[in-house]
Amino acid sequence: MELDLTPKLPKKVYGGDGGSYSAWCPEELPMLKQGNIGAAKLALEQHGFAVPRYSDSSKVAYVLQGSGTAGIVLPEKEEKVIAIKKGDSIALPFGVVTWWFNNEETELVILFLGETHKGHKAGEFTDFYLTGSNGIFTGFSTEFVGRAWDLDESTVKKLVGSQTGKGIVKLDAGFKMPQPKKEDRDGFVLNCLEAPLDVDIKDGGRVVVLNTKNLPLVGEVGFGADLVRIDGHSMCSPGFSCDSALQVTYIVGGSGRVQVVGADGKRVLETHIKAGSLFIVPRFFVVSKIADSDGMSWFSIVTTPDPIFTHLAGRTSVWKALSPEVLQATFKVDPEVEKSFRSKRTSDAIFFPPSN
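These figures come from a predicted structure and were not determined experimentally.

Turning to the overall build of the protein, a few remarks are in order. Scanning the protein from terminus to terminus reveals seven helices and 23 strands. Its C-alpha atoms put the protein at 90 × 40 × 35 Å along the principal axes. Within the protein, the fraction of its 356 residues that count as buried is 47%. Per element, the accessible surface of the protein, about 17,700 Å² overall, is 51% carbon and sulfur.

Bringing the UniProt feature "domain: Cupin type-1" (unreviewed entry) in the protein into the picture now. UniProt tags residues 3-157 and 195-339 as "domain: Cupin type-1" (unreviewed entry). The span residues 3-157 carries 12% helix and 44% strand; its end-to-end C-alpha distance comes to 51 Å.

Side-chain direction in a regular strand flips from residue to residue, so the side chains alternate between the two faces of the sheet. Note: strand β6 (residues 67-73) against strand β7 (residues 80-85), six bridges, orientation antiparallel. Across the sheet, G68 pairs through a bridge with I84, a residue of β7. From the end of β6 to the start of β7, which pair antiparallel, there are six residues, and E76 there has a positive phi angle of about 65°.

On to the pattern of salt bridges, then. What the rule picks out here adds up to nine salt bridges. Here D184 ties to K80 by a salt bridge, and the two come within 3.9 Å at their closest N and O atoms. Highlighted residues: D184 in the loop between β12 (168-170) and β13 (189-191) and K80 in strand β7, separated in sequence by 104 residues. Ionic pairing is found between D88 and R185, a salt bridge with its closest N-O pair at 2.8 Å. Of this pair, D88 sits in strand β8 (residues 88-92) while R185 is found in the loop between β12 and β13, placing the two residues 97 residues apart along the sequence. In this structure D88 comes out as buried when scored by relative accessible area, which is 0%.

Together, W149, L151 and L159 give the surface a local cluster of nonpolar side chains, amounting to about 260 Å² of exposed area. Position of L151 relative to the elements: it lies in the loop between α2 (142-149) and α3 (153-161). Accessibility expressed as a relative area gives 33% for L151, which makes it partly exposed.

Relative orientation of the contacting elements α2 and α3 amounts to 100°, with a least axis distance of 9 Å. What the angle tells us is that α2 and α3 run roughly perpendicular. For the pair formed by α2 and α3, the contact residues are T142, V145, G146 and W149 on the first element and E153, V156, K157, L159 and V160 on the second.

A word on the domain arrangement of the protein. In terms of domain boundaries, the protein breaks down into domain 1 (11-132 + 167-185) and domain 2 (192-352). Counting from both sides, the interface comprises 24 residues of domain 1 and, opposite them, 22 residues of domain 2. A salt bridge links E194 to K85; the shortest N-O distance between them is 2.8 Å. Here domain 1 is connected to domain 2 by four residue pairs in polar contact (both at pLDDT 80 or more). Of all the secondary structure elements, the ones that give two or more residues to the side of domain 1 that touches domain 2 are α1 (31-35), β3 (37-44), β5 (59-65), β8 and β10 (108-115). A breakdown of the residues in the side of domain 1 that touches domain 2 according to their chemical character gives 14 nonpolar, five polar and five charged.

Reading across the sheet, the seven strands line up as β1-β2-β3-β10-β5-β8-β13 and stay open at both edges, with antiparallel pairing between neighbours. A single partner strand is all that each edge strand has here, and the edge strands are β1 (11-16) and β13. Averaged over all pairs of adjacent strands, the angle between strand axes in this sheet comes to 20°, irrespective of strand direction. Looking at chain direction, β8 and β13 are connected through three bridges and run antiparallel. In the sheet register, S89 faces β13, and the bridge partner there is L190.

Here we come to the pairing of β6. Most of β6 is tucked away, with five of its seven residues classed as buried. Of the strand pairs in this sheet, β6 and strand β9 (residues 97-101) are connected by five bridges, and their pairing is antiparallel. Counterpart to I72 in the pairing with β9 is T98.

Our focus in this paragraph is the packing of helix α6 (residues 324-331) against helix α7 (residues 335-343). Viewed as axis vectors pointing N to C, α6 and α7 meet at an angle of 110°, and their least axial separation amounts to 9 Å. Put simply, α6 runs roughly perpendicular to α7. Between α6 and α7 the crossing geometry is right-handed. Contacts between α6 and α7 involve P324, L327, Q328 and F331 from the first element and P335, E338, F341 and R342 from the second.

What counts, and where the lines are drawn
- Residues numbered from 1 in each chain as written.
- Predicted model: local features only at pLDDT ≥ 70, side-chain atom pairs only at ≥ 80, totals over all residues.
- Heavy atoms only, no water.
- Helix = DSSP H or I, 4+ residues; strand = E, 2+ residues; numbered from the N terminus.
- Buried < 20%, exposed > 50% of the residue type's maximum accessible area, 1.4 Å probe, protein only.
- Areas by Shrake-Rupley, 256 points an atom, 1.4 Å probe, with all protein chains shown as cover.
- UniProt positions renumbered as here; feature names shortened; annotations may be inferred.
- Pairing = 2+ DSSP bridges.
- Salt bridge = Lys/Arg side-chain N within 4 Å of Asp/Glu carboxyl O.
- Patch = residues over 30% accessible without salt bridge, like charges linked within 9 Å, V, L, I, M, F, W, Y side chains within 5 Å.
- Axes fitted to C-alpha atoms, helices over the stretch in contact; angles between N-to-C directions.
- Parallel < 35°, antiparallel > 145°, perpendicular 65-115°, else oblique.
- Contact = heavy atoms within 4.5 Å.
- Domains from an automatic or database assignment.
- Polar contact = N/O pair within 3.5 Å; in protein donor to acceptor, adjacent residues only side chain to side chain.
- Nonpolar A, V, L, I, M, F, W, Y, C, P; charged D, E, K, R; others polar.
- Left-handed = near helix turned anticlockwise from the far one by under 90°.

Right, dumping it as structure tokens:
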């Protein structure tokens, strides 16, 4: 059975005046199910409110556009009210309850990537809403809810039945939501557009890596992430994850070309990619990208908290580590060709600007 790695766009699952929720479907992107990966996007219009919910999967949220407010409640902890903006990454472990609100004119768009190996459906997130027409307490009898909350029947019916929206609602313009606290961002959020760069190649590209050092909650989530931005016509070195991790990549901006090579030297993907699409690189497969003239950026998760990559070009590549004799025998070339090969790409760069 051949792998279908074709990049896909998400499909709308539900929504209304307040915004929409879209997700990538395992039936259209089979690697989601095979790799136990979930991917979804939340888009909130002004005054849009995504009601409190929890999920069956750990996730990383990345703010693609706009600004707003997020509420986060870890098990047995107090609510954290956080101001969020474009470039923010938030690690969301199992059991966390979240809500999201947009008070600005610009649409707030948030990407969610995560693992579903403990979820109800492989390749899909299942959210459990605390309120609304599909809220948890609509399923309990009035007696059970009244006993749990110590309330009379009429109050229970009002609390459970008043909110008729599903997942996302639009609040009145004058409704006051809680104000975020600056200190609540500490330990929960890392802005990938402002954080120190892990890789910075002039005219090539830049990388910010999310790991247990700069965002400790990544350890509880169980996988790492990064934001990569490459300049026009630059290339990202061919490489693979050498710790058996999957790479799940969402194109944030720009466009370019991608090639993926698997076992037996077979090219399993060659396509043009653009903003909004998502694709998955299987374990140990080698991937490389070249940006179009406007450059390209992508946000990825790798299914291990502190991923390790092996690059197949540049000074730190495996080729430079092998002895000359081994390279001559491997490529079946003479010493002159081997020497010419070894003399190229002598920097530590993993991004290669176009040749002049």
